[in-house]
Amino acid sequence: DIQMTQSPSTLSASVGDRVTITCRATQSISSWLAWFQQKPGKAPKLLIYKASTLETGVPSRFSGSGSGTDFMLTISSLQPDDFATYYCQRYNSNSRTFGQGTKVEIK
Amino acid sequence: EVQLVESGGGLVQPGGSLRLSCAASRFTISGNWMSWVRQAPGKGLEWVANINQDGSEKYFVDSVKGRFTISRDNARNSMYLQMNSLRVEDTAIYYCARDWDESGKGIDHWGQGTLVTVSS
C-alpha cells in the first residue's frame, strides 16, 4: 500500500514566518493529495485538495504544490490562528492514507 | 452548511461490539463516497473504511478487515460502522466524513467525532 511521510514532525516558528511542510508518497499519486489542519479537540479542516486547489474560505496565505510523489504545503506568513497540526492525505485510489502529521508550534 | 453527526460510541470490553451511526444533513449523501476516520488518543489520523454511493464498493484498512463492516442508508441519509471483535488498540475518536464526489475533492467535511473506548 502507498505510504505517506511528512516532514518535519514538529516545526517551531514565529508569527510572520514562511513555513513549508513536505509530504512524500512511496509511489506516484498524480495530484490526488489533500492537506488538513487540526486544532486540539476539533475535527480536521480541509485546506487544499488536488495538491494545489484552495478550499473555499481558506486564507490565501495557504498554498499547495507538487505532483507525483513530492508535495508541499506553504504558509506564506504564519498567523496566530495557524498554530495547529497539519496532515497530508492521498486519495488516488479507493483507499486513503494520511501522513503522520506536522505540529506547528510557537517559537 | 454540511452537517455530520456521529453517535453510538462508548465503553466496551475487548471482544465486544459497537455500532456507530453518522447522520448527515444539509446535503444528500447519495452523491458521495463516505468514510470513517479514527484518531487514537494523542495520535494522528487513520483512515478506517469507505463506501461508494450505492454501497456496492467498500474498502477497509488492513487492521480492521474481517472485524468491521460499513454500510449506508441513502433514504435515511445515514452511514454506519459495525465494529466487532473490538481490541484495546481500536480505542479512538471515530469521525464520519464526506468523501469523493465528481468535484475531485476527497474528504471535505467531518463530523465532531464519537469516542470509542475498548477496555476491561
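Everything discussed here concerns the structure shown above.
Bear in mind that the values here come from a model prediction, so they are computed numbers and not experimental data.

Asker: Could you give an account of the overall build of chain B, naming the residues involved and the relevant values?
Answerer: For chain B, the count of helices and strands is zero helices and eleven strands. Ordering the α and β elements of chain B from the N terminus gives β-β-β-β-β-β-β-β-β-β-β. The C-alpha atoms of chain B give a radius of gyration of 14 Å, which matches the 14 Å a tight globule of 120 residues would have. For the C-alpha atoms alone, the extent of chain B along its principal axes is close to 45 × 25 × 25 Å. Buried residues in chain B amount to 53% of all 120 residues. When the accessible area of chain B is evaluated, it comes to approximately 5400 Å², of which 46% is carbon and sulfur surface.

Asker: Go over the environment of Glu105(A), please, and point to the residues and values.
Answerer: All names here are of chain A. When you line up the elements, glutamate 105 lands in strand E11 (residues 102-106). Owing to a relative accessible area of 29%, glutamate 105 belongs among the partly exposed residues under this scheme. When the C-alpha positions of glutamate 105 and aspartate 82 are compared, they lie 9.1 Å apart, and in sequence the two are 23 residues distant. Here glutamate 105 is in contact with Thr10, Leu11, Ser12, Ala13 and Phe83, once residues within four sequence places are set aside.

Asker: An account of the interface of chain B and chain A is needed here, citing residue identities and associated values.
Answerer: Across the contact, 23 residues belong to chain B and 17 residues belong to chain A. Where chain B abuts chain A, roughly 1600 Å² becomes buried across the two surfaces, and 60% of that area is made up of carbon and sulfur atoms. Inspection of the region where chain B meets chain A yields two salt bridges. Across the pair Arg96(A) and Asp99(B) runs a salt bridge, and its minimum N-O distance is 2.8 Å. Inspection of the chain B/chain A interface yields seven residue pairs in polar contact (both at pLDDT 80 or more). When contributions to the side of chain B that touches chain A are tallied by element, the ones reaching two or more residues are strand E4 (34-39) and strand E5 (45-51) of chain B. Top contributing element to the side of chain B that touches chain A by residue count: E5(B), with four residues. In terms of residue class, the side of chain B that touches chain A is made up of nine nonpolar, eight polar and six charged.

Asker: Would you mind going over the sheet that holds strand E8 (residues 70-75) of chain A in detail, with residue names and values included?
Answerer: Residues and elements named next belong to chain A. With antiparallel pairing, the four strands of this open sheet are ordered in space as E1-E3-E8-E7. This sheet does not close on itself; its edge strands, each paired only once, are strand E1 (4-7) and strand E7 (62-67). Across this sheet, the average inter-strand angle for adjacent strands is 15°, counted without regard to direction. Sheet analysis places strand E3 (residues 19-25) next to E8, joined by six bridges and oriented antiparallel. Counterpart to cysteine 23 in the pairing with E8 is phenylalanine 71.

Asker: Give a detailed account of the pairing of E1(A), specifying residues and quantitative values.
Answerer: Residue and element names in this part refer to chain A. Side chains Met4 and Gln6 of E1 all project onto a buried face; the interleaved residues Thr5 and Ser7 project onto a face where none is buried. With four bridges joining them, E1 and E3 adopt antiparallel strand pairing. Counted as the bridge partner of glutamine 6 is cysteine 23 from E3.

Asker: I'd like to hear about the layout of surface pockets, residue by residue, with values.
Answerer: In this model, the largest pocket occupies a volume close to 420 Å³. Along the wall of the largest pocket there are 24 residues; nearest its centre are Gln38(A), Thr85(A), Tyr87(A), Gln39(B) and Lys43(B). Counting residues per element, the ones that place at least two in the lining of the largest pocket are strand E9 (85-90) and E11 of chain A together with strand E9 (92-98) of chain B. Taken as a whole, the second largest pocket encloses approximately 300 Å³ of empty space. Taken together, 15 residues form the lining of the second largest pocket, with Pro44(A), Lys45(A), Leu46(A), Asp108(B) and His109(B) sitting closest to its centre. Here the residues of the lining of the second largest pocket sort into five nonpolar, five polar and five charged.

Scoring rules and cut-offs
Residues numbered from 1 in each chain as written. Chains lettered and ligands numbered in written order. Predicted model: local features only at pLDDT ≥ 70, side-chain atom pairs only at ≥ 80, totals over all residues. Heavy atoms only, no water. Helix = DSSP H or I, 4+ residues; strand = E, 2+ residues; numbered from the N terminus. Rg over C-alpha atoms; globule rule 2.2 N^0.38 Å. Buried < 20%, exposed > 50% of the residue type's maximum accessible area, 1.4 Å probe, protein only. Areas by Shrake-Rupley, 256 points an atom, 1.4 Å probe, with all protein chains shown as cover. Contact = heavy atoms within 4.5 Å. Buried area = accessible area lost by both parts, 1.4 Å probe. Salt bridge = Lys/Arg side-chain N within 4 Å of Asp/Glu carboxyl O. Polar contact = N/O pair within 3.5 Å; in protein donor to acceptor, adjacent residues only side chain to side chain. Nonpolar A, V, L, I, M, F, W, Y, C, P; charged D, E, K, R; others polar. Pairing = 2+ DSSP bridges. Axes fitted to C-alpha atoms, helices over the stretch in contact; angles between N-to-C directions. 1 Å grid on protein atoms, 1.4 Å probe; cavity = no way out; pocket = protein on both sides within 12 Å on 5 of 7 lines; lining within 4 Å. Points joined across faces, edges and corners; volume = space filled by probe spheres on them.

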